[in-house]
Amino acid sequence: MIKKISNILTFIYICVSLAFAQPVNIPVSIEAEKIEKDTDGKLIAEGNVIVHYKDYVLSADRIIYDPDDENIYLEGNIRIKTKSFDLEGDKGWWNVETEEGEIFNIKGIVYKKYYLKAKSLRKKGDRFYFKKGEFSLCPFDRYDWYLKSSSGSIKENDKLIAYNLTFRFCKVPVFYTPLFYYPTGSRETGFLIPIIGQDTYNDVTLKLPFYLVTGRSSDMTFTFDYRNNQGLGLDVEFRYKFSKNEMFKGNIFYFKEKGEGFWWEGRDISPLENRWWIHGKSRFRWNDFKVFFNLEIPSDPYFYEDFYNTSTLYKRYRSYTKSQLLAIYDNRDYSVEINFDYLYDLSKPTNEETLQRLPEMRFYLKKRNIWSKLPLYFDFLSVNTNFYREKGDTGIRSDNLFNISFYTNFKKVSNIFETHQRTTVYINTKDTKHGNAIRNLFHIRNITRMVEYRKYSSFTHSIIPQISFNYISKVKQDDLPYFDREDRIFSAKDIDISIFNILNFKGSDFFRWEISAGYTFLDSYYVGDKVYKGNIKPGKNSLYFNINGIRGENTIFYDFDKSQITRSISSFSMPIKGLFTYSVAHSFDKGIDQDSLHQVNNTISFSIKNISFKGSILSNLKDGYIQQKRANIVLNRKCWSLSFTYIEDYKKTTGKTYQTYYLTLNIFDIRYNLPFLASKPQQ
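For every chain, the first residue of the written sequence is number 1, and numbering continues from 1 onward in sequence order. The predicted nature of this model means local features are confined to residues of pLDDT at least 70 and side-chain atom pairs, given and counted, to a pLDDT of 80 or more, with totals for whole chains, interfaces and linings taken over all residues. Based on all heavy atoms of the structure, the side-chain values leave hydrogens and waters out of the count.

Engineer: What should I look at first to understand the overall build of the protein in this one?
Structural biologist: What the protein contains, in helices and strands, is 3 helices and 44 strands. As a reference, a globule follows 2.2 Å times the number of residues to the power 0.38, and the radius of gyration itself is taken over C-alpha atoms. Computed over the C-alpha atoms, the radius of gyration of the protein is 35 Å, more than 25% above the 26 Å expected from 2.2 N^0.38 for a compact globule of 683 residues. With the C-alpha coordinates of the protein rotated into their principal frame, the extents come out at 110 × 75 × 55 Å. Under the scheme applied here, a residue whose accessible area is under 20% of the maximum for its type counts as buried, over 50% as exposed, and between as partly exposed, the area being computed with a 1.4 Å probe on protein chains only. Here the protein, with 683 residues, has 40% of them falling under the buried criterion. Expressed as a percentage of contacts within the protein between residues at least 6 apart in sequence, the contacts between residues at least 24 apart total 40%. Strands are runs of DSSP state E lasting at least two residues, helices are runs of H or I lasting at least four, and both sets are numbered from the N terminus onward. Contact criterion: two residues are considered in contact whenever any of their non-hydrogen atoms come within 4.5 Å of each other.

Structure (structure tokens):
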């Protein structure tokens, strides 16, 4: 039976007093089968030795402490573990005071990220130096790729330098370089790893980024952009961080096109040689005062379609960009906003008729109690806008809303009564047949609800009946200027009745069901901004649930007069045997003539071990065509991943189908778009 000796003793007292002849009372825990001091004054521990000192844990078959050089010598199955590294080897030495040493036949992890194997590893200062080493971000149980080097060094938040390096993938040499440099921190001047790939327009693309640290709080990235069919470009991005919540980021992108590419066919403007994009974003805050700035202007309406042709529909087919300067002063009593909005309409050849808000000023006097003895409150909002455009109607609108709210509660019944006086003034109108004008609207709303609930063993059931009355006075508005929907506030005299059933289960599962209907005393009503004739408002049936991983949502509006569904929005997602997930989203709006909408998107996904797949088909059921197909399969090995993506997108307005295939290899958290066969837009 092995006798285990466990001492919580003053190991530093013994070791350091041998060196300095004075006691130092720092405790050390030693576990070993045998501990002794030889005739030379060396402390020797043998047999499954484990030493705890500060944040160090040292273990070996045999440990010797030499007071002359203050080094700890380790032999056989050694391991040195701290907060920043965990190393194993055959033998070595270490100085826990200077935190320097050397280990042979090393295997371990440094800085909780970099996995190393080496013939020897020496730590001097803050840098590790290795000989005949291997380096990877892959754990040893998934050692799929690594960098093999004759020698090199690594330092946290600095860089890795390696000589005579070979990159090996699945043990197969891929490339060689006599010198390799890789930043281990987020801020280090130098070339970043280039991205080579292809897109819809080009067989070969190359992006070569250079990262430049310009100061403690600022940096820049210069990216050379080569596209074999389109041309050459340069992107410059500047970033400055003033504080945790204050920053500025700016981009200038310039691209010189070769000539008339096929992508210009059928467009309403002539081919351009000089393409550019300007973007800026910032935010600042001083106590109650905040400023937000956003600038985004492309050279032409087709910029996003041409330079983001493998991106999402939103990015590729944007209808407008918005530049904005917003200043807000906000305290407990009131808030003031000044907003400059500039819209760039990408759907038209020019921006002359695009309506701008330059500027818009808001003042809001926050809700406050009129009399402390009654739950009676008031608030006031004033929105003043200067509408401007080069061609078309312009003018100034001052929209002012004064609200009074009264809240009452009696047992399970609560009531909210609100009155609103809205006065809108139009002045300085130009290029319009409408002159200066004033509109006064009076709005009354009352909501009464009761909450009844019961607790059961596995869920709580709540029933909430609600009745609401809504009245908006009718005024003549045809003679008023029209800038946006706020210039046409429709009259209302409605009663709506709703019943909410809510089941809350243990955990996060729930089921919510709403049924509502309404009646208008007028000859028409509105759902959103669409007008419908009749007195009986559509019935609304809404379901929303999440039970055992099955999620769904459905909202239906039913027209009782026409006995038809006028609007439906649905989504449903369910797991299948814990491997597959099927999702479907359906949108339907009867609308008026061409405004109708009918789409369905089917998606299926699965994940088996480290392989995942997701595919979707978006169908336009109204016009009978498939709008988009997407498929993506990913092999994720944690330290690297390989994905294949297929996108087929049909744009009805141009009659073109864009097909894109690309293979992406992600190593070092850098994505490489590998060249792959791709189809160009098809007519």
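Engineer: Help me understand the side chain of R267, please; the structure alone is not making it clear to me.
Structural biologist: Among the secondary structure elements, R267 is positioned in the loop between β19 (246-257) and β20 (274-286). Within the local environment of R267, its side chain forms a polar contact with the backbone oxygen of W263, the two atoms lying 2.9 Å apart. We define a polar contact as two N or O atoms separated by no more than 3.5 Å, with the added condition that, inside protein, one atom must be a possible hydrogen donor and the other a possible acceptor, whereas residues neighbouring each other in sequence contribute only through side-chain atom pairs.

Engineer: What is the right way to look at the pairing of strand β22 (residues 320-330) in this model?
Structural biologist: By the bridge criterion, 6 bridges tie strand β21 (residues 289-298) to β22 in an arrangement that is antiparallel. Note that in β22 the partner of F293 across the bridge is L325. In the sheet, β22 pairs with strand β23 (residues 334-345) via 11 bridges, with the strands oriented antiparallel. Within β23, the position partnered with I328 by the bridge is E337. A pair of strands is considered paired only if DSSP assigns at least 2 bridges between the two. Counting the residues in the hairpin turn of β22 and β23 gives 3 residues.

Engineer: Can you help me understand a nonpolar patch on the surface in this one?
Structural biologist: Here, patches come from residues exposed beyond 30% relative accessible area and free of salt bridges, joined within 9 Å for like charges and within 5 Å for nonpolar side chains (Val, Leu, Ile, Met, Phe, Trp, Tyr). Throughout, the Shrake-Rupley method with a 1.4 Å probe supplies accessible areas, and for residues the shown protein chains are the sole cover considered. Salt bridge, as used here, is a side-chain nitrogen of Lys or Arg placed within 4 Å of a carboxyl oxygen of Asp or Glu. Together, F469, Y519, F521, I536, Y558, F560 and I565 give the surface a local cluster of nonpolar side chains, amounting to about 610 Å² of exposed area. Among the secondary structure elements, F521 is positioned in the loop between β32 (510-520) and β33 (524-527).

Engineer: Honestly, the environment of L74 in this entry has me stumped. Any pointers?
Structural biologist: Within the fold, L74 resides in strand β6 (residues 71-81). Given a relative accessible area of 1%, L74 falls into the buried group. Between the C-alpha atom of L74 and that of F410, which follows or precedes it by 336 residues, the distance is 79 Å. Apart from residues no more than four positions distant in its own chain, L74 is found in contact with L58, S59, A60, R62, I63, I80, K91, G92, W93 and W94.

Engineer: I'm lost on the nonpolar core in this one. Help?
Structural biologist: Most often, soluble globular proteins have nonpolar side chains that are buried together. Core analysis: the biggest nonpolar cluster contains 45 residues, and L74 and W145 have the highest contact counts within it. Counting residues in each nonpolar core, the second largest holds 8 residues, with F255, F303, Y304 and F307 among its members. Note on terminology: a nonpolar core comprises buried Ala, Val, Leu, Ile, Met, Phe, Trp, Tyr and Cys residues joined through side-chain atoms within 4.5 Å.

Engineer: Quick question: what am I supposed to make of a negative patch on the surface here?
Structural biologist: Neither His nor the chain termini are counted; the positive set is Lys and Arg, and the negative set is Asp and Glu. Every charge is mapped onto a representative atom, which is NZ of Lys, CZ of Arg, CG of Asp or CD of Glu. Taken together, the side chains of D55, E97, E99 and D126 define an acidic patch exposed on the protein surface. Relative to the helices and strands, D55 is located in the loop between β4 (43-53) and β5 (56-66).

Engineer: Mind showing me how you'd approach empty space enclosed by the protein here?
Structural biologist: The rolling of a water-molecule-sized probe over the atoms marks out the regions of remaining empty space. Buried and open spaces are told apart on a 1 Å grid over the protein atoms alone, a cavity being a set of points where a 1.4 Å probe fits but cannot get out and a pocket being an open set with protein on both sides within 12 Å along at least five of seven lines. Residues with an atom within 4 Å of a point are the lining residues. Grid points are joined across faces, edges and corners, and a volume is the space filled by probe spheres set on the points. Considering all chains together, one arrives at 2 cavities of 30 Å³ or more under this definition. Approximately 30 Å³ is the volume found for the second largest cavity. Around the second largest cavity, the lining residues are F130, G133, E134, F135, L147, S149, L160, A162 and L165. If you list the elements that add at least two residues to the lining of the second largest cavity, you get β10 (127-136), β11 (145-154) and β12 (159-169). Ranked by residue count, the leading element in the lining of the second largest cavity is β10, at 4 residues. Basically, the charged four are Asp, Glu, Lys and Arg, the nonpolar ten are Ala, Val, Leu, Ile, Met, Phe, Trp, Tyr, Cys and Pro, and anything else, Gly included, counts as polar. Considered class by class, the residues forming the lining of the second largest cavity number 6 nonpolar, 2 polar and 1 charged.

Engineer: Where do I start with the pairing of β10 in this structure?
Structural biologist: Across a regular strand the side chains alternate sides, sitting on one face of the sheet and then on the other. With respect to burial, β10 is a largely interior element, 7 of its 10 residues being buried. In the sheet, strand β9 (residues 114-124) pairs with β10 via 9 bridges, with the strands oriented antiparallel. Counted as the bridge partner of L121 is F130 from β10. Taking the residues that link successive antiparallel strands as the turn, the β9-β10 hairpin has 2 residues, and the phi of G125 there is positive, at about 65°. Where β10 meets β11, 7 bridges bridge the pair, whose relative direction is antiparallel. Its bridge partner lying in β11, G133 is registered against S149.

Engineer: What is the right way to look at the state of the cysteines in this model?
Structural biologist: The disulfide criterion is simple: two cysteine sulfur atoms within 2.5 Å. One pass over the full model with this rule turns up 1 disulfide. The thiol sulfur of C170 is not disulfide-bonded, and the nearest other cysteine sulfur, from C138, lies at 9.2 Å.

Engineer: Help me understand the packing of aromatic side chains, please; the structure alone is not making it clear to me.
Structural biologist: Each aromatic ring pair is characterised by the separation of its centres together with the angle its planes make. Here a Phe, Tyr or Trp ring, Trp counted by its six-membered ring, pairs with any other such ring whose centre lies within 6.5 Å, and the pair is stacked when the planes are under 30 degrees apart, edge-to-face when over 60, and tilted otherwise. Per the counting criterion, the structure on display carries 38 aromatic pairs. Judged by centre distance (6.4 Å) and plane angle (50°), the ring pair of F238 and F248 falls under tilted. With F238 in strand β18 (residues 231-243) and F248 in strand β19, this residue pair connects regions lying 10 residues apart in the sequence. Taking 5.0 Å as the distance between ring centres and 75° as the angle between the ring planes, the aromatic pair formed by F262 and W263 counts as edge-to-face. An aromatic cluster of at least three residues, connected via ring pairs, comprises Y240, F242, F284, W286 and F289. Geometry around F140 places K107 over its ring, the cationic atom sitting 4.8 Å from the centre. One residue, K117, lies across the ring of Y143, its end atom 4.5 Å from the ring centre. Any Lys NZ or Arg CZ found within 6 Å of a ring centre and within 35 degrees of that ring's normal is scored as a charge over the ring.

These values are about where atoms sit, not about what they do.
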